[in-house]
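Commentary on secondary and tertiary structure
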Amino acid sequence: MEHSQPADPSRRRTLNLLLSGSLVGFLAALVYPLVRYLIPPPASEVPASTVRVAKVEEVAPNTGLIFRFGRRPGLLIRTPDGTLRAFAATCTHLDCTVQFRPDLGLIWCACHNGRYDLTGKVISGPPPRPLTPFVVNVQDGDIYVSQGVS
Ligand code: FES
């Protein structure tokens, strides 16, 4: 039977270094995606203050149109009597995108059946607040939506 030689201290040190390096790499691989998930990336564009949405003749009475307002969706509706209104299309419950429902004559959130009237007030469901209204202006046949003065 052979006697084992005492481990070479420099070899042991090298192995310990490799093992601790692997452990640090493993922990970094676990933590990095979590940190990237929790910290949102920097905004790539400035929020819009006014956007041109459509031509008036493109929005028939009793229809709605989702448009991009900066990084968030907006909702332009034309009521059956022809009035134009616009809102942030983000539900005040859990941020789902709302839509115009011509068959129901209201603004509806599909996530939890939240319902808003055509002025953005909550009719039923879990939304705690009305939709954020935008200002609508028509100029030379174009519909412009802006955040307005707060
Ligand atoms: S997110 Fe709209 S009702 Fe829940």
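The structure presented is a predicted model; accordingly, all values stated were derived computationally and were not measured.

Right, let's talk about the nonpolar core for a bit. Judged by nonpolar contacts, the single largest core of 18 residues is most densely connected at L75, L76, A86, F87, V98, I107 and V145. Broken down by secondary-structure element, the contributors of at least two residues to this core are strand 3 (72-78), strand 4 (84-88), strand 6 (106-109) and strand 10 (142-146). Broken down by element, this core gets its largest block of residues, three residues, from strand 3.

Here we come to the sheet that holds strand 5 (residues 99-101). Spatial ordering of the open sheet is given by 5-6-7-8, a layout of four strands whose pairing is antiparallel. One side of each edge strand has no neighbouring strand; the edge strands of this open sheet are strand 5 and strand 8 (122-124). When strand polarity is set aside, the average angle formed by the axes of neighbouring strands in this sheet is 40 degrees. Both strand 6 and strand 7 (residues 114-116) contribute to a ladder of three bridges, which runs antiparallel. Note that in strand 7 the partner of I107 across the bridge is Y116.

Moving on to the sheet that holds strand 4. Sheet architecture is open: six strands sit in the order 1-10-9-4-3-2, paired in antiparallel fashion. Each of the sheet's edge strands pairs with one partner strand only, and the pair in question is strand 1 (50-55) and strand 2 (63-69). For this sheet, the mean inter-axis angle between neighbouring strands, taken without regard to orientation, is 30 degrees. Sheet topology places strand 3 next to strand 4; five bridges connect them, and they run antiparallel. Its bridge partner being in strand 4, L75 is matched across the sheet by F87.

On to the pairing of strand 4, then. The loop that links strand 3 with its antiparallel partner strand 4 comprises five residues; one of these, G82, has a positive phi angle of about 95 degrees. Inspection of the sheet shows strand 4 paired to strand 9 (residues 133-139) by two bridges, in the antiparallel sense. Within the sheet, the bridge partner assigned to F87 lies in strand 9 and is P133.

Scoring rules and cut-offs
- Residues numbered from 1 in each chain as written.
- Predicted model: local features only at pLDDT ≥ 70, side-chain atom pairs only at ≥ 80, totals over all residues.
- Core = buried A, V, L, I, M, F, W, Y, C linked by C-beta atoms within 7 Å.
- Buried ≥ 20, exposed ≤ 12 C-beta atoms within 10 Å, placed from the backbone.
- Helix = DSSP H or I, 4+ residues; strand = E, 2+ residues; numbered from the N terminus.
- Pairing = 2+ DSSP bridges.
- Axes fitted to C-alpha atoms, helices over the stretch in contact; angles between N-to-C directions.

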